[in-house]
Amino acid sequence: MKIRDRKIKKTVDVSDKECPGRDCYWPRPDPGVFTPGVGYRERQHGKKPEWICGTREIRGCPDKYCHPVIVKEGEV
């Protein structure tokens, strides 16, 4: 989901609306896709990079903030 960060005045892709108040929140411009031995490439060539939560992109959200998906019996 995307939220508007009031401090940096940018729209940031985050896990949920509570993220800006969490200690793991790290808004940063999306550096692109990393390939070992090559470096970073743009995700969308020619467009301005979007903002993302760097912690979520690099390591994923910490377990204490993860929201497990509940699958009902019989659903896939």
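1. Some points on the pattern of salt bridges
Using the criterion set out here, one finds four salt bridges in the structure. For Lys-2, the salt bridge identified is with Glu-50, shortest N-O distance 3.0 Å. Of this pair, Lys-2 sits in strand β1 (residues 2-5) while Glu-50 sits in the loop between β5 (39-41) and β6 (51-53), and the two are 48 residues apart along the sequence. In this structure Lys-2 comes out as partly exposed when scored by relative accessible area, which is 48%. Its relative accessible area of 40% is what places Glu-50 among the partly exposed residues. Ionic pairing is found between Asp-13 and Arg-56, a salt bridge with its closest N-O pair at 3.5 Å. Taken together, the positions of Asp-13 in strand β2 (residues 10-13) and Arg-56 in helix α1 (residues 54-59) put the pair 43 residues apart, joining distant regions of the chain. The class for Arg-56 is partly exposed, based on a relative accessible area of 34%.

What counts and what doesn't
- Residues numbered from 1 in each chain as written.
- Predicted model: local features only at pLDDT ≥ 70, side-chain atom pairs only at ≥ 80, totals over all residues.
- Heavy atoms only, no water.
- Salt bridge = Lys/Arg side-chain N within 4 Å of Asp/Glu carboxyl O.
- Helix = DSSP H or I, 4+ residues; strand = E, 2+ residues; numbered from the N terminus.
- Buried < 20%, exposed > 50% of the residue type's maximum accessible area, 1.4 Å probe, protein only.

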